[in-house]
Amino acid sequence: MSEPASVDEVAEAMYQQVKAAQGQKKLKPGDLTKMMIELFGDRVDKKLCKKAIRKLIESERCVYTYFGGSFIELPHKEGAEN
Amino acid sequence: MAELPETPLLDELEKGPWPSFVKEIKVAARHKEACRDLLGQLERSYREKIGHWKHGGIVGVLGYGGGVIGRYSDLPEDFPAISHFHTLRVNQPSGWFYTSEVLRKLCDMWEEHGSGLTNMHGSTGDIILLGTSTPELEPTFKGLTDLGFDLGGSGSDVRTPSCCVGPARCEWACYDTLKLTYDLTMSYQDELHRPMFPYKWKFKMAGCPNDCVASIARADMSIIGTWKDDIQQNDEEVKKYAEAGLDIQRDVVENCPGRCMSWDGEKLTIDNRFCRRCMHCINVMPKALAPGKERGATILIGSKAPIVEGALLSSVFIPFMNPDDPEEVAELKEIVEEIWDVWSEEGKNRERVGEFIQRVGMGNFLEAIGMEPVPEMVAHPRENPYVFYALDEEEEEDEDEDE
Ligand code: SF4
Ligand code: SF4
């Protein structure tokens, strides 16, 4: 089995996905987890993805938003209209 | 004292003997501009028959994805003091027990950082702090944590678990609702603060089938106390009720949904095999009847109020377990996590677990979470189980029998 990915590595990959999707598709935490499993294969599991999301949010590179459901996005202008 | 806006329509809601939120907002409006604007906007909404709030968005406190509900006026020029009017959900203590000291401090903190208006409690069970601005969110959060409180859930996360007062005040409690609520709250902090599901997930704990927290109608997982053995019966007390004028035949026996009681004018007989554990007779004669001694809980799954789809009541999932036994609680948590995995994987955005089960079918759902169907998994008492065995299995069984 290959070496597990690091939390930082996964957080960075998640950030890139959120950045690429910004303005086109809102990603849910579950979407990001699925993407990471596709990208890293058995080097990641759901637990590691959870940690990476936490890191991503606590570093303030991404934020949680709520528009009918909860999403992870790049920080953008405040307001319900966004 | 600042002038209050003219509110002829809202003033109607001050009439009558009952408490009035308009009256309370007016008290707060004497020293809070936000409350004056709130009255003004609300009156306008009543007049125009249209809501002037927008909600959702980006607000929150650092690291958390839940607990703050962004709320904005769509008339910020007319009502600038409520251009932001965010709501905070605060995780209440199990069973809503407080000291008056902490409530005073909480209110002082909220006067300082927000509108001072609260809703004790919201339908989620949380303490609701109504109305603050974005720059005041972090200071409010700090004020809360200094008092030992934390934010509750909102969005697609585990919502703040809530329970009835249970054994702290109620003799009908069949398990310790407060302890289980605390345990689930602490075990699922990550899921509570960091939304990770297709939609919300609610745990509600009721100590007996009276279900004072209405868990059967609102929780994705309802944990409702029940008993396995016979109703405890004190014949002397039954007689006293009859002597005091209670019409046992009409008010107890004929209202029993199990049709399992009889009264001959002297003796009350219960055929406990057919009792549906509804609590009706116990509620009418609390001194004479009580739940049995072998107590525990039934776990039900899938209820919700109507939002995206119609309302659902939860249905039996685990017929009986003992929530006071840590090992059984650990098993329950394993099942819960299994459900979350499957639902997160396959659930659609904004699909509650009850809707998910309806869509994929209970049989498939149970298979996916690795649980065996049991005949007690029913939507209503005395109903056919909703798990059907595959035709080929039945045929194989028939063949076995033929041999
Ligand atoms: S649900 Fe039952 S145990 Fe809980 S407070 Fe109500 S009557 Fe008492
Ligand atoms: S608990 Fe309900 S079903 Fe059971 S005996 Fe009493 S009234 Fe009948």
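Residues numbered from 1 in each chain as written. Chains lettered and ligands numbered in written order. Predicted model: local features only at pLDDT ≥ 70, side-chain atom pairs only at ≥ 80, totals over all residues. Heavy atoms only, no water.

## Digging into the overall build of chain B
Selection rule: The helix and strand labels rest on DSSP assignments: H or I over at least four residues marks a helix, E over at least two residues marks a strand, and numbering proceeds from the N terminus. We call a residue buried when its accessible area falls under 20% of the maximum for its residue type, exposed when it is over 50%, and partly exposed in between, using a 1.4 Å probe and counting protein chains only. Here a residue-residue contact requires only that any non-hydrogen atoms of the pair lie within 4.5 Å. Computed with a 1.4 Å probe, the accessible areas rest on the Shrake-Rupley method; for each residue, only the protein chains presented here act as cover. The sign given to each residue is positive for Lys and Arg and negative for Asp and Glu; His and the chain ends receive no count. Think of each charge as sitting on NZ of Lys, CZ of Arg, CG of Asp or CD of Glu.
Helices and strands together make up the secondary structure of chain B, namely 15 helices and 15 strands. In terms of overall dimensions, chain B has a C-alpha envelope of 85 × 60 × 40 Å along the principal axes. In chain B, which comprises 403 residues, the proportion classed as buried is 49%. In chain B, the share of contacts with a sequence separation of at least 24, taken over all contacts with a separation of at least 6, comes to 64%. A total accessible area of about 19,600 Å² is found for chain B, and carbon and sulfur atoms account for 50% of it. Here chain B holds 42 positive side-chain charges and 73 negative ones, and the gap between their average locations is 10 Å.

## A closer look at helix α4 (residues 100–113) of chain B
Spelled out, the test is: The span expected for a helix works out to 1.5 Å for each residue beyond the first.
Given a rise of 1.5 Å per residue, 14 residues ought to cover 20 Å, and the 20 Å separating the end C-alpha atoms of α4 of chain B matches this to within 8%. If you follow the buried residues of α4 of chain B, they end up packed against β4 (87–90), β5 (117–120), β6 (127–130) and α5 (137–146) of chain B.

## Some thoughts on helix α2 (residues 29–40) of chain A
Residues and elements named next belong to chain A. The end-to-end C-alpha distance of α2, which contains 12 residues, comes to 16 Å, matching closely the 16 Å that a straight helix rising 1.5 Å per residue would cover. Among the residues of α2, those classed as buried are Pro29, Asp31, Leu32, Thr33, Met36 and Phe40. Summarising the contacts, the buried residues of α2 are in contact with α1 (7–21), α3 (46–58), β1 (63–66) and β2 (70–73). Looking one or two places after α2, you find Gly41, whose phi comes out positive at around 60°.

## Things to note about the site of ligand 2
Rules: Throughout, near means a residue has at least one heavy atom within 4 Å of the molecule or strand. Detection works on a 1 Å grid of protein atoms alone, calling trapped sets that fit a 1.4 Å probe cavities and calling open sets with protein on both sides within 12 Å along at least five of seven lines pockets, with lining residues defined by an atom within 4 Å of a point. By definition, a pocket or cavity contains a molecule when more than half of the molecule's atoms lie within 2 Å of the pocket's grid points.
Ligand 2 sits among 14 residues. The nearest are Cys256, Cys275, Arg276, Cys278 and Cys281 of chain B. The cavity that encloses ligand 2 is the largest cavity.

## Brief notes about the confidence of the model for chain B
Filter applied, for reference: Per-residue confidence from the predictor is given as pLDDT, running between 0 and 100.
Residues at a pLDDT of 70 or more form 94% of chain B, whose mean pLDDT is 92. Across the whole predicted complex the pTM is 0.90, and at the interface the ipTM reaches 0.83.

## A closer look at the sheet that holds strand β2 (residues 68–69) of chain B
All names here are of chain B. The line we're drawing: Any two strands are treated as partners once DSSP identifies two or more bridges connecting them.
In spatial order, the strands read β2-β4-β6-β5; together these 4 strands make up an open sheet with antiparallel pairing. Taken across any chain shown, the strands that pair with only one partner, and hence form the sheet edges, are β2 and β5. As judged from the 4 bridges shared by β5 and β6, these two strands associate in the antiparallel manner. Counterpart to Thr118 in the pairing with β6 is Leu129.

## Quick word on the pattern of salt bridges
Once their charged atoms are close, side chains differing in charge can pair, the charge on each being opposite to the other. So the rule is basically this: When a carboxyl oxygen of Asp or Glu lies within 4 Å of a side-chain nitrogen of Lys or Arg, that pair is called a salt bridge.
Using the criterion set out here, one finds 26 salt bridges over all chains in the structure. We note a salt bridge from Arg54 of chain A to Glu58 of chain A, for which the minimum N-O separation is 3.2 Å. Pair noted here: Arg54 of chain A and Glu58 of chain A are both in helix α3, with a separation of 4 residues, about one helical turn. Judged by relative accessible area, Glu58 of chain A falls into the partly exposed class, the value being 40%. The salt bridge partner of Glu58 of chain A is Arg194 of chain B, with a shortest N-O separation of 3.7 Å. Within this pair, whereas Glu58 of chain A is found in helix α3, its partner Arg194 of chain B is found in the loop between α7 (189–193) and β8 (203–206), the two belonging to separate chains. A network of salt bridges, in which partner residues are shared, links Arg54 and Glu58 of chain A together with Asp190 and Arg194 of chain B.

## Let's talk about the nonpolar core
Residue and element names in this part refer to chain B. Stated precisely, the cut-off is as follows: Buried Ala, Val, Leu, Ile, Met, Phe, Trp, Tyr and Cys residues form a nonpolar core when they are joined through side-chain atoms within 4.5 Å.
Grouped together as the largest cluster of nonpolar side chains are 37 residues, with contacts concentrated most on Trp201, Phe203, Met221, Ile223, Phe317 and Phe365. Elements with a minimum of two residues in this core: α6 (177–187), β8, β9 (221–227), β14 (295–301), β15 (315–321), α12 (326–346), α13 (353–360) and α14 (362–369). Of all hydrophobic cores here, the second largest spans 24 residues; its members include Ile231, Cys275, Ala288 and Leu289.

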